[in-house]
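Summary of structural features
The residues making up each chain are set out below.
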Amino acid sequence: MAKVTAVQPNGIARELGIEIGDELLGFDEYPLTDILDYLYYDAQESFVMHMRTAQGEDVDIEIEKDENETLGMTLDESAELEPMRCRNKCMFCFVDQLPSGMRDTLYVKDDDYRLSFVSGNYVTLTNVGQRELERIVRLHLSPLYISVHCYDPEIKTKLIANPRGAELFEKMRYLAAHGIVMHAQIVMCKGINDAHELEETLRQLAAMRPQVKTVAVIPVGLTAHRQGLAQLQPIDADCARDTIARTERLDREFGGEFCYCSDEFYIKAGLPLPSYERYGAFDQIENGVGLVAEFEHEFMQALQASAGSAARRDVSFVTGVSFAPILRGLLDRAADKFPGVQANVLAIRNRHFGESITVAGLVTAGDILDQIRRFAPHTVIPSTMLREFTDTFLDGMRLDELAQRAHTHIHVSHGGGDVIKILEEVTE
């Protein structure tokens, strides 16, 4: 249950005489678990709401309303989502590979099906029992994002060090049978869940289409901070090419727009990235699937629409090692419309996590300051370097501090189109 802390003047709760201090017990004979129960029933047209008045009287209220009408209550913090902690010990867990001295929140390992629905977090379902499965179906918490990794029960148990991992496909089949859409990911560990194991996993997932909508295959990320952890091999060019070949062949067999390798696989393999059209609705872009294609598409669209400028400006573009050549090529294509721009692409080697980590999203402000001797008057960084909805880097440095120490004006790019907008702004 949760206490009512506010009642909207135009909501149904006000009409029913619900007051601050009353308690919401649940709906339709189900106890209130968290805010998701309230949000689900607030969108329904007919249900019974169980309340306890501030005087201690329990009442059942039959609600009949239009779908777009709101109950209009605010609940106290007891209804908020307290993340369920991860019960696994995955041999590839990135949190276990973090260096010390970073923000406390980065070391928290959650594995919460509710955050999967709300925020797109990937979960293993090892801490989900039948009661939680039934709640997912009842509240239609769809889509969910599932960390699969492999089908073979023995290999799965080895990968995540939790025997309940072997139950995953049974749970997924239950959810699929009840209409829950799922997106899956496979973290590829060379010699463990690759090659034939990968093919079997993809086939088992494809058997649950269309409820399993997409699958992303991503390479294991290995930092320089793996002391005491399992020995894992980095994904090399041969493994990357083999993985791409198997995944693309099966995707064609399954009808397309189902299983994808992340962009990092193609970069490691030295192969051209797929076209923009290949990625459908870009459902797996948060897994690095189609990021480059989307960036290039937005960049070229904005470039074609831009009037350009002949003004002379020096601009630094800060990025990771893997994306630097791609960004350099795109900026060269913009030279005709911005002939006065001296665009310097600065590829930052990741000394904070280890130089095997080459993506821009894991570059820290400390590494930027350590490696760039001279900043241009204008510097562009991608938004992926910052914590979502904040101006803070992974090492805790804020954007304004970096700008002050580097004596540069920093522009944050949210994609390829933003790069052209920033060029237009600095050359006005």
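Everything that follows concerns the structure shown earlier in this document.
What counts, and where the lines are drawn
Residues numbered from 1 in each chain as written. Predicted model: local features only at pLDDT ≥ 70, side-chain atom pairs only at ≥ 80, totals over all residues. Heavy atoms only, no water. 1 Å grid on protein atoms, 1.4 Å probe; cavity = no way out; pocket = protein on both sides within 12 Å on 5 of 7 lines; lining within 4 Å. Points joined across faces, edges and corners; volume = space filled by probe spheres on them. Helix = DSSP H or I, 4+ residues; strand = E, 2+ residues; numbered from the N terminus. Nonpolar A, V, L, I, M, F, W, Y, C, P; charged D, E, K, R; others polar. Axes fitted to C-alpha atoms, helices over the stretch in contact; angles between N-to-C directions. Parallel < 35°, antiparallel > 145°, perpendicular 65-115°, else oblique. Left-handed = near helix turned anticlockwise from the far one by under 90°. Contact = heavy atoms within 4.5 Å. Pairing = 2+ DSSP bridges. Core = buried A, V, L, I, M, F, W, Y, C linked by side-chain atoms within 4.5 Å. Buried < 20%, exposed > 50% of the residue type's maximum accessible area, 1.4 Å probe, protein only.

1. Some remarks on the layout of surface pockets
Counted as a void, the second largest pocket has a volume near 280 Å³. Around the second largest pocket, the lining residues are Y30, P31, T33, D34, M84, Y113, R114, R131, E132, E134, R135 and R138. Elements represented by at least two residues in the lining of the second largest pocket include exactly β3 (30-31), α3 (113-119) and α4 (130-138). Per-element accounting of the lining of the second largest pocket gives the leading share, five residues, to α4. In terms of residue class, the lining of the second largest pocket is made up of four nonpolar, one polar and seven charged.

2. Topic: the packing of helix α7 (residues 195-206) against helix α8 (residues 237-254)
The contact between α7 and α8 brings their axes to 10 Å, and the two run at 25°. The orientation of α7 with respect to α8, classified from their angle, is roughly parallel. As α7 packs across α8, the resulting crossing turns out to be right-handed. Along the contact surface, α7 presents A195, H196, L198, E199, L202, R203 and A206, while α8 presents D242, T243, R246, T247, R249, L250, E253 and F254.

3. Considerations on the sheet that holds strand β12 (residues 341-348)
One open sheet holds the four strands; their spatial order is β12-β11-β13-β14, and the pairing between them is parallel. Of all the strands in the sheet, just β12 and β14 (409-413) have a single pairing partner and so form its edges. Averaged over neighbouring strand pairs, the angle between their axes works out to 25° when direction is ignored. The sheet contact formed by strand β13 (residues 378-382) and β14 spans five bridges and is parallel. Bridge assignment links I381 to a residue of β14, and that residue is V412. This element, helix α14 (residues 416-426), spans β11 (313-320), β12, β13 and β14 of the sheet and lies at about 150° to β14.

4. Some points on the nonpolar core
In terms of nonpolar packing, the biggest core is built from 86 residues, with M49 and L205 touching the most fellow members. Those residues within four positions of L205 in sequence are excluded, and the remaining contacts are V148, F169, M172, A184, I186, V212, V215 and F258. In this structure, F295, F299, L327 and I422 belong to the second largest nonpolar core, which totals 22 residues.

5. Details of the pairing of strand β2 (residues 23-27)
Burial of β2 is extensive: five of the five residues sit out of reach of the surface. Where strand β1 (residues 2-7) and β2 come together, two bridges link them in antiparallel fashion. Residue pairing for β2: K3 is matched across the bridge by E23. Bridge count between β2 and strand β4 (residues 46-52): four bridges; the pairing is antiparallel. Residue pairing for β4: E23 is matched across the bridge by R52. Pairing of β2 with β3 involves two bridges; the strand directions are antiparallel. Residue pairing in the sheet places G26 in a bridge with P31 of β3. As consecutive antiparallel partners, β2 and β3 are separated by two residues, and within that stretch D28 has a phi angle of approximately 50°, a positive value.

6. Some words on the sheet that holds strand β9 (residues 212-219)
Pairing in this open sheet of four strands is parallel, and the strands run β7-β8-β9-β10 from one edge to the other. Strands with a single pairing partner mark the edges of an open sheet, and in this sheet they are β7 (144-147) and β10 (259-261). For this sheet the average axis-to-axis angle between neighbouring strands, irrespective of direction, equals 20°. Bridge analysis of β9 against β10 gives three bridges, and the strand direction is parallel. Note on β10: the bridge partner recorded for V215 is C259. Against the sheet, helix α6 (residues 168-177) contacts β7, β8 (182-188) and β9, and its axis sits at roughly 160° relative to β7.

7. Here's the deal with the pairing of strand β5 (residues 58-64)
Pairing geometry for β4 and β5, over seven bridges, is antiparallel. Note on β5: the bridge partner recorded for S46 is E64. The turn linking β4 back onto β5 is made up of five residues, and G56 within it adopts a positive phi angle of 95°.

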